[in-house]
Each structure stands twice: as structure tokens, then as C-alpha cells.
Amino acid sequence: MEANGFGLQNFPELKNDTFLRAAWGEETDYTPVWCMRQAGRYLPEFRETRAAQDFFSTCRSPEACCELTLQPLRRFPLDAAIIFSDILVVPQALGMEVIMVPGKGPSFPEPLREERDLERLRDPAAVVSELGYVFQAITLTRQQLAGRVPLIGFAGAPWTLMTYMIEGGSSSTMAQAKRWLYQRPQASHKLLGTLTDALVPYLIGQVAAGAQALQLFESHAGHLGSELFGKFALPYIRDVAKRVKAGLQKAGLAPVPMIIFAKDGHFALEELAQSGYEVVGLDWTVAPKKARERVGKMVTLQGNLDPCALYASEEEIGRLVQQMLDEFGPQRYIANLGHGLYPDMDPEHVGAFVDAVHKHSRLLRQN
Ligand code: 1CP
């Protein structure tokens with residue numbers, strides 16, 4: 001894609017393609033593993049790098065993003081890296097102010113209140129030029145990774161981004177965002193369409209810049225039942241996959257595997273498995289065996305140890321990992337947590353999790 005000038009680099013040769021092979025449904029010698037929020041506050045070196053730096057200034061520094069992305073890989077033999085950034089850079093690029101309040105989370109001083117507030121949003125076509133700093137971070141990180149493991153790019157799915165833009169931050173009920181769905185379905189579709197139009201070139205741009213897989217985070221799927229999810233989330237999730245794939249082909253870029261992680265979206269598992277993504281990420285509330293029965297062998301599953309299991313002893317973590325691997329089975333599977341790591345988690349226990357996946361998955365294949 002010429003639009004951002006990337007895509008012509010010669011990147012170092014990939015040495016560990018286990019994650020990509022599993023994502024494409026190919027056989028692997030062991031189960032690949034990475035962790036959501038693997039770059040995070042639980043690492044002392046992360047806190048040091050992030051110290052005294054505003055969150056979104058960090059996101060705008062390709063060097064800082066590269067460093068934060070690489071930190072967990074220096075400690076643990078993870079099978080993939082995920083670029084350090086945030087899903088909220090997209091609402092920012094659409095013209096909304098977002099600040100990260102330390103200890104509280106994201107805050108939008110002027111959230112969308114009325115339908116006419118949609119007019120404040122920039123043309124989604126402008127998003128790619130606003131987010132050049134993410135593409136630069138990806139290119140730099142891909143170079144610095146030196147082919148050790150693949151680099152994952154990501155974005156928030158349209159419904160999840162809409163919740164933040166209307167609620168103005170985190171919310172336990174999503175009542176304001178859901179009020180839009182019930183009272184202003186047309187305006188809601190307009191907003192979700194605008195977000196989709198922004199996400200498609202953004203994700204294609206990430207691949208052009210060097211991302212080797214893409215994950216779409218529908219973190220607030222659980223606030224929609226199957227009815228609302230089917231109307232306001234799923235069509236856009238499908239559209240993103242379809243249009244990104246078509247766009248990559250049109251730009252002459254090789255296809256990359258795409259992962260959909262719809263947290264608490266268990267009610268839509270079958271639909272998600274057929275929504276155009278190679279991998280379906282599961283949160284920790286889903287029983288692995290049942291998930292496999294429901295989606296069949298057509299997709300790779302990713303997940304889903306309860307992140308809080310990392311508070312258990314290393315021995316217990318090993319037992320839980322073994323159980324998880326036995327239930328998912330050896331192939332078409334990528335190990336991960338069922339959501340992100342928390343800041344008070346012990347890095348040693350993250351290492352124990354990663355090692356247990358590698359060790360037990362090799363044993364499983366010998367039997
Ligand atoms: O100062 C800090 O370090 C704040 C903590 C933090 C971090 C480490 C935030 C604020 N964002 C991030 C990075 C981040 N965000 C990554 C980096 C790569 C990695 O995983 O290692 C990723 C993939 C995200 C994605 C993200 N941001 C999601 C989707 C995943 C999920 O957690 O469900 C969401 C919902 C956000 C919004 C966001 N950004 C930050 C916070 C605390 C939140 C959540 C707010 C909420 O609870 O609603």
C-alpha cells in the first residue's frame with residue numbers, strides 16, 4: 001500500500017512461525033503461546049519506561065512502543081509479540097480528545113451525546129494519515145524483532161470503540177451506548193459504519209507496515225445479548241475481515257491470519273467462527289471442549305486460562321495449563337489467557353504459564 005509509504009521493506013527472515021502455522025490451521029510441533037497485555041505494568045521495566053510519560057505520548061513514540069513490545073520477549077519464550085498501542089487511538093484519529101487518567105483509565109472530555117455530534121467526527125479516510133506513528137512503531141518493531149517471532153497488529157471492533165465514544169470512558173452497564181442502539185438505531189449504524197470505514201485502511205496499513213497477524217478486540221461484546229450483537233456488532237466484525245482481506249489482495253500484500261476476540265460473546269460462538277477470521281479468541285468463561293464442539297475444526301481457537309489463575313502457585317498453574325491443553329487438543333490451538341494480565345501479577349508466574357504450555361504440549365504430541 002503506497003498510501004503510507006510502507007510495505008516495501010525487507011524484513012529479517014522469520015525464525016519461529018509456530019504461531020502463524022497454528023493460526024492458519026497447520027500442524028505444529030508444540031502449542032504456541034502469547035498473552036494479552038503481555039506488555040504491561042506487571043513488568044518493572046515497563047513501569048520504568050512508562051514513568052512520567054503520558055500514556056498517549058508513549059503511544060506516539062515509535063521507539064517507546066518498540067521497547068515496550070520487546071520487553072516481555074526478553075523475559076519469556078513467547079511465540080508472538082503484540083505491538084504496544086491502544087484501541088483508543090482510532091477515536092482520537094477521528095477527532096475526539098481522549099486522555100488516560102492514571103489509576104482510572106481512559107476519559108473522553110466531550111463524548112458523543114447527540115446524533116448531531118457525529119458531525120464532529122473526521123472523515124474516516126483521514127485516519128490512516130493520522131496514525132502514521134502506529135505504522136512507524138510496527139515497522140521499527142518488526143525490524144528490531146529480527147525475525148524472532150511474528151508481530152501482531154490490532155484494533156478495537158466498532159461496537160467496543162462506540163461504547164467508549166459515547167460513555168466517555170469505562171462503564172459497568174454501557175447504558176448510554178445501549179440507549180443509542182434502542183433509541184437511535186440509524187445513527188448507531190452510521191457511527192459503526194464510520195468506525196468500520198476507519199478500521200479497514202488502518203488494519204491494512206498495519207500489515208503494509210509489517211504486522212504479520214491482526215487481532216480485533218470486541219472487548220464489550222458481553223453487554224449485548226445475541227439479538228443486539230447480531231444487529232450491531234457481528235455485521236461490522238464480518239465487514240472488517242472481508243474488506244481487510246480484499247484490500248490486502250488489491251494492494252498486492254500477502255494475506256495475514258486474523259483473530260476475533262469477543263469477550264463474553266459466548267452466545268455468538270458459532271457465528272464468530274464463520275465471520276471470516278482464522279482464529280477465534282475465547283475468554284475464560286468458555287469451556288474448551290464445548291467451544292471445540294460448537295465451532296468444529298474449521299477455525300483455530302485461542303485462549304483461555306483465567307488470568308487470575310496466575311495468582312495460584314506455579315505448580316497449580318502447571319496443572320491448570322495441562323488441563324486446558326488436554327481439553328483444547330494439540331492442533332488448531334494457540335494458548336493465551338482469557339483476558340489481559342493485571343498489573344499486580346508476578347512475572348515469574350507468567351513465565352511458569354509460558355513454560356508449562358511449551359512443556360506439556362510437546363508431551364501431548366508424544367502420546
Ligand atoms: O499506563 C498504562 O500503562 C495503562 C495501561 C494500558 C496498557 C498497558 C492501557 C490503558 N492500554 C495499554 C496497552 C494496550 N491496550 C495493548 C498493548 C499490547 C499488549 O497487549 O501487550 C493492547 C492490545 C490494548 C488494547 C485495549 N485497550 C483494549 C482491548 C483489550 C482488553 O483489555 O479488552 C481495551 C478495552 C483498551 C482500552 C484501555 N486502554 C487502557 C485501559 C486501562 C483500557 C481499558 C479501560 C476499560 O476498562 O474500559
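Please refer to the structure higher up on the page.
Calculation rules
Residues numbered from 1 in each chain as written. Predicted model: local features only at pLDDT ≥ 70, side-chain atom pairs only at ≥ 80, totals over all residues. Heavy atoms only, no water. Helix = DSSP H or I, 4+ residues; strand = E, 2+ residues; numbered from the N terminus. Buried < 20%, exposed > 50% of the residue type's maximum accessible area, 1.4 Å probe, protein only. Near = heavy atom within 4 Å. Polar contact = N/O pair within 3.5 Å; in protein donor to acceptor, adjacent residues only side chain to side chain. Areas by Shrake-Rupley, 256 points an atom, 1.4 Å probe, with all protein chains shown as cover. 1 Å grid on protein atoms, 1.4 Å probe; cavity = no way out; pocket = protein on both sides within 12 Å on 5 of 7 lines; lining within 4 Å. Sits in = over half its atoms within 2 Å of the grid points. Nonpolar A, V, L, I, M, F, W, Y, C, P; charged D, E, K, R; others polar. Phe/Tyr/Trp six-rings, centres within 6.5 Å; stacked < 30°, edge-to-face > 60°. Lys NZ or Arg CZ within 6 Å of the ring centre and 35° of its normal. Right-handed = clockwise from strand over helix to strand, strands pointing away. Pairing = 2+ DSSP bridges. Salt bridge = Lys/Arg side-chain N within 4 Å of Asp/Glu carboxyl O.

A. Quick peek at the environment of Q322. Here Q322 is to be found in helix α14 (residues 314–328). A relative accessible area of 36% means that Q322 is categorised as partly exposed.

B. Expanded view of the site of the ligand. Close to the ligand lie 21 residues, the nearest being R50, D86, Y164, S219 and H339. The contact in question runs from an oxygen atom of the ligand to an N or O atom on the backbone of Q38, over 3.3 Å. At 2.8 Å from an oxygen atom of the ligand is found a side-chain nitrogen or oxygen belonging to S170. A total of 880 Å² of accessible area belongs to the ligand in isolation, and the protein chains cover 85% of it. When atom positions are compared with the pocket grids, the ligand is found to occupy the largest pocket. The class makeup of the residues in the shell around the ligand is 12 nonpolar, five polar and four charged.

C. View of the packing of aromatic side chains. Scanning the model with the defined rule gives eight aromatic pairs in all. Centre to centre, the rings of F55 and F84 are 5.8 Å apart; their planes meet at 65°, and the pair counts as edge-to-face. Residue F55 is located in helix α3 (residues 55–59), and its partner F84 is located in the loop between β1 (81–82) and α5 (89–93); the two are separated by 29 residues in the primary sequence. Looking at F55, the relative accessible area reads 12%, which means it is buried. Among the residues examined, F84 registers a relative accessible area of 8% and is labelled buried. Three or more aromatic residues joined by ring pairs make a cluster, and in this case those are F46, F55, F56 and F84. Sitting over the face of the ring of W180, R184 holds its NZ or CZ atom 4.9 Å from the ring centroid.

D. Summary view of unusual backbone geometry. Residue G303 is joined to N304 through a cis peptide bond whose omega torsion reads -20°. As for its placement among the helices and strands, N304 is situated in strand β8 (residues 300–305). Unusually for a residue other than glycine, A146 sits at a positive phi of about 55°. By the secondary structure assignment, A146 is in the loop between α7 (132–145) and β4 (151–156). In this model, D264 sits at a positive phi of 60°, which is unusual for a non-glycine residue. Inspection of the secondary structure assignment puts D264 in the loop between β6 (258–262) and α12 (269–273).

E. Spotlight on the pairing of β8. Counting buried positions over the six residues of β8 gives six, a clear majority of the element. As a crossover connection, the stretch from strand β7 (residues 279–281) through helix α13 (residues 288–295) into β8 is right-handed. In the sheet, β8 pairs with strand β9 (residues 333–337) via five bridges, with the strands oriented parallel. Within the sheet, the bridge partner assigned to G303 lies in β9 and is A335.

F. Fine view of the pattern of salt bridges. Counted according to the given criterion, the structure contains 13 salt bridges. Taking the shortest distance from any N to any O, the salt bridge between E45 and R75 comes out at 2.7 Å. Here E45, found in helix α2 (residues 44–50), pairs with R75, found in helix α4 (residues 62–75); they are 30 residues apart in sequence, far enough to count as distant. Residue classification places E45 among the partly exposed positions, given a relative accessible area of 21%. Residue R75 is classed as partly exposed on the basis of its relative accessible area, which comes to 38%. When the shortest N-O distance is used, the salt bridge between R319 and E316 registers 3.0 Å. Here E316 and R319 lie together in helix α14, a separation of three residues that amounts to about one turn. For R319, a relative accessible area of 44% gives the class partly exposed. Each of the salt bridges in this network shares a partner with another, and the network as a whole consists of D197, D239 and R243.

G. Highlighting the sheet that holds β1. Reading across from one edge, β1-β4-β5-β6-β7-β8-β9 is the order of the seven strands in this open sheet, with parallel pairing throughout. Both edges of this open sheet fall to β1 and β9, since each of them pairs with a single strand only. Here β1 pairs with β4 via two bridges, running parallel. Its bridge partner lying in β4, I82 is registered against I152.

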